[in-house]
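Coordinate analysis (summary)
One-letter residues, chain by chain:
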Amino acid sequence: MAIDEMWLQFSILKKRLTNEIFYVNLEYEDKITIRLRSEICEWLGCQLTGEKSEATVVLSVNSKLDDNLEAYEVKENEIIGASSVGLLYGFYAYLRLKLSGANLSEKSAPAQSLRMINHWDQVDGTIERGYAGESIFFGRFGSNDNTDTGSFAVKNIGTDIFRNDFTRLKMYARFLASIGINAISLNNVNVRGLGTSLIVSPYIEKVGEISKLFATFGLKTFLAINWAAPKLIGELKTSDPLDENVYTWWQQTIDHIYEVIPDFGGFVVKADSEGEPGPYQYGRNHADGANMLAKAFEKYNGLVIWRTFVYNSQTDWRKRKNDRAKAAYENFMPLDGDFSDNVILQIKFGPIDFGVREPLMPLFGALKKTNQLMEFQITAEYLGHQLDLNYVLPQWLEMIHFDNYGQPKDTIRANSPVATHSGFIAIGNVGMDENWCGNKLSQANFYGFGRMCWNNDLTATEILQEWIALTFSEVKAEVQKEIFELLIDSNQTYELYNAPLAVGSMMVPHYHYGPSINGYEYDRWGAYHFSDRNGLGIDRTTATGTGFASLYAPEVAKVFEDKSKTPDEILLFFHYVEYGHLLHNGKTLIQTIYDQHFEGFERVKSYIKSWKSLKGQVDEATYDNVADRLERQLEHARNWRDQVNTYFYRMSGIPDDQGREIYR
Ligand code: GCW
């Protein structure tokens, strides 16, 4: 679309939609039409004359603005985009500056090229690890069969699998554009049942309609595939990546996709992971698998986004040298340099699984010849299911700034042979719930992810202040401040009452909410804490443990190898530590466990008090939604506090030095 210069056309959104999470609505069509809430319209200084009004903001496109076509510049009441999509981002930037009271002056280009959301939505309308209602893409229409064939299995639901709520999809696309997201995959990476057929007719045509809508907001659409598709839906005898017929099947399938969706993004692939099929089944490695698909995508500039979450999910706790933390590194480091230019490895930020506290995945910085994406999880699988407050930006920012042969925010791009094939990706947290995220305050994490991708130097404080200014623009400054105080340390609060000092995995198996100290301890998933009467923690040192510490850059490895140098908050991820051991905080390990769990609970109590003081100050739906969730969080924190404290009191026999109540 060519835009030289134009005047904004405003029209007033008559009634504020209750399920509107977006602070502004921008429709991006042939000509730009902007629908604004009337108060925003007033801020922009436009005349409200009936349905439409003219504004004093000038939009233009100037390709000389920046080499990066997504760049924009805002200068007073002028918005310049390096391309039409840059203009789109510039417009949202303009509104952000305006609404947060900042100077109307900003020139900006995104720090990360790919800024992507993965959905774990399934064609029966459920969402794996979804905590905000059903899928906005798929629904259960036409289904008479409610037999659940296993965990996360997709039910037999007939052919009409799409929800077809294009109004909601448009709102969503607009929201994504407003925070700078430029790519999206629609379906769960565990591709089951009918989900396998999304890549072929008659389903791909509907994906095409969705993708067309998203494209008008600068978004590319991707699909997750099942590695065994040639066998499952192509009637071939094998899915071996080096088999000629398999390649031909994929090439034809991809050719057809591009006939329907000429700007299709590509595939997301979870292979040989947690029971999913993959190239290992045929004695091939992951470069063989990814490159075969990449070849079929080449002429279309399509991408293969290949996940490194590959580990042996049959680990045995008896074998102490086994270490799931090393798996991705061991599987992918030897393949550095072997992947095609249109393959990107999608790598979880930590070595286990989006835990409450994990060190950086050591592949970052070490992989030097492979396109890479860092993967985050907005949906709060391990962080309280969007019931507990958990503003996660502090944790994510620590990851992108962690120095292992340089900080990932810089090395990801620098170490990717095709710089534009790199960036950040996250699992989304929205569903059909009225407020999109189950908990209204969980929207801050989605907003924050987008902003963190665009500008790696923003702080958690700045991002949260922005989100509050844009979302609660109608409330008083003191109320905004109270909401800020409630959220800013909430990630730390959650950590305080969860499993101690990065030991991980003490939650209810599979469901991942609530404590179950030994739930995973004697199971197959490779997530153990090894506590006994003397102490707890996983020895991952090279000297006496699994050797994971040695996978980092030498100066980092030196710190993690040494118990006395490892920071308290990550201590038990790297070391087995005795209860009486003195930490950097000046207290023993056991006393730290007690103190943290009592403090975590008390903090949640104070959140409730502070939220109650906001009754009548924020809209009722938000008030009730958060109040209800905080009560549940208090119960959750109480359970964690008591089960962890009791467990370690019984193990160690050492009482709390402040004599607080620990149940026996
Ligand atoms: O965190 C684990 C989740 C699975 C998920 C998997 C993955 C989609 O428990 O539900 O499956 O990670 O990332 O593939």
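Check the entry above for the structure.
Description of the structure in this document. (Residues numbered from 1 in each chain as written. Predicted model: local features only at pLDDT ≥ 70, side-chain atom pairs only at ≥ 80, totals over all residues. Heavy atoms only, no water.)

1. Focus on the site of the ligand
Taken together, 15 residues are adjacent to the ligand, and E128, K270, K348, D353 and E381 come closest. Within the side chain of N190, an N or O atom sits 3.2 Å from an oxygen atom of the ligand. In isolation the ligand has 340 Å² of accessible area, and contact with the protein removes 97% of it. A breakdown of the residues in the shell around the ligand according to their chemical character gives four nonpolar, three polar and eight charged. (Near = heavy atom within 4 Å. Polar contact = N/O pair within 3.5 Å; in protein donor to acceptor, adjacent residues only side chain to side chain. Areas by Shrake-Rupley, 256 points an atom, 1.4 Å probe, with all protein chains shown as cover. Nonpolar A, V, L, I, M, F, W, Y, C, P; charged D, E, K, R; others polar.)

2. A word on helix α19 (residues 620–652)
Owing to its 3.6 residues per turn, the α-helix aligns residues three or four sequence positions apart on the same side. Across its 33 residues, α19 extends 47 Å between first and last C-alpha, which sits within 8% of the 48 Å expected from 1.5 Å per residue. Once α19 ends, the next one or two residues include G653, with phi positive near 70°. (Helix = DSSP H or I, 4+ residues; strand = E, 2+ residues; numbered from the N terminus. Expected span 1.5 Å × (residues − 1).)

3. A short note on the packing of aromatic side chains
Within the structure shown, the criterion is met by 40 aromatic pairs. With centroids separated by 5.9 Å and ring planes inclined at 10°, the aromatic side chains of W611 and Y623 adopt a geometry described as stacked. Taken together, the positions of W611 in helix α18 (residues 589–612) and Y623 in helix α19 put the pair twelve residues apart, joining distant regions of the chain. No difference in accessibility class separates W611 from Y623, as the two residues are buried. Members of the aromatic cluster, connected to one another through ring pairs, are F137, F138, F162, Y172, F175, F214, W436 and F446. One cation-aromatic arrangement involves K368 over Y405; the distance from NZ or CZ to the ring centre is 4.9 Å. (Phe/Tyr/Trp six-rings, centres within 6.5 Å; stacked < 30°, edge-to-face > 60°. Buried < 20%, exposed > 50% of the residue type's maximum accessible area, 1.4 Å probe, protein only. Lys NZ or Arg CZ within 6 Å of the ring centre and 35° of its normal.)

4. Comments concerning the nonpolar core
Y172, F267, W306 and F449 are the most contacted members of the largest nonpolar core, which has 200 residues in total. For F449, the contacting residues outside a window of four places in its chain are M116, I117, I181, F376, I378, L393, W396, F424, I425 and A426. (Core = buried A, V, L, I, M, F, W, Y, C linked by side-chain atoms within 4.5 Å. Contact = heavy atoms within 4.5 Å.)

5. Brief notes about α18
Compared with the 34 Å implied by 1.5 Å per residue over 24 residues, the 35 Å span of α18 between its first and last C-alpha is a close match. Of all the 24 residues making up α18, 18 are buried; the element is thus mostly covered by neighbouring parts of the structure.

6. Focus: the pattern of salt bridges
Under the counting rule described, the total for this entry stands at 29 salt bridges. Note that D642 is salt-bridged to R641, the shortest N-O span being 2.8 Å. With a shortest N-O distance of 2.9 Å, D656 and R660 are connected by a salt bridge. (Salt bridge = Lys/Arg side-chain N within 4 Å of Asp/Glu carboxyl O.)

7. Some details on the environment of Q252
As for its position among the elements, Q252 is in helix α6 (residues 244–260). According to the relative accessible area criterion, Q252 is exposed, its value standing at 51%. In this structure the C-alpha to C-alpha distance between Q252 and A296, which are 44 residues apart in sequence, comes to 8.5 Å.

8. Thoughts on the pairing of strand β13 (residues 343–348)
Counting buried positions along β13 yields six of six residues, so the element is predominantly enclosed. Neither face of β13 is left uncovered, since the one carrying V343, L345 and I347 and the one carrying I344, Q346 and K348 both have all their residues buried. Judged from the four bridges that link them, strand β12 (residues 303–307) and β13 form a sheet pairing that is parallel. Opposite R307, over in β13, you have Q346 as the bridge partner. With helix α8 (residues 327–332) bridging β12 and its parallel neighbour β13, the resulting β-α-β unit is right-handed. (Pairing = 2+ DSSP bridges. Right-handed = clockwise from strand over helix to strand, strands pointing away.)

9. Some details on unusual backbone geometry
A cis amide bond links S201 with the next residue in sequence, P202, at an omega value of 5°. Along the chain, P202 turns up in the loop between β9 (183–185) and α4 (203–215). The phi torsion at S505 lies on the positive side, around 40°, for a residue other than glycine. By the element assignment, S505 lies in the loop between α15 (490–497) and β16 (535–536). Using a relative accessible area of 18% as the deciding quantity, one classes S505 as buried.

10. Comments concerning the sheet that holds strand β15 (residues 423–427)
Spatially, eight strands are ordered β8-β9-β10-β11-β12-β13-β14-β15 in a closed barrel, and the strand pairing comes out parallel. The average angle at which neighbouring strand axes cross in this sheet is 25°, direction not considered. In the sheet, β13 pairs with strand β14 (residues 372–377) via four bridges, with the strands oriented parallel. Residue K348 lies in a different strand from β14, and its bridge partner there is E375. The strands that α4 touches are β9 and β10 (220–225); relative to β10, the one it contacts most, it runs at about 145°. The strands that helix α7 (residues 286–297) touches are β10, β11 (266–269), β12 and β13; relative to β12, the one it contacts most, it runs at about 160°. (Axes fitted to C-alpha atoms, helices over the stretch in contact; angles between N-to-C directions.)

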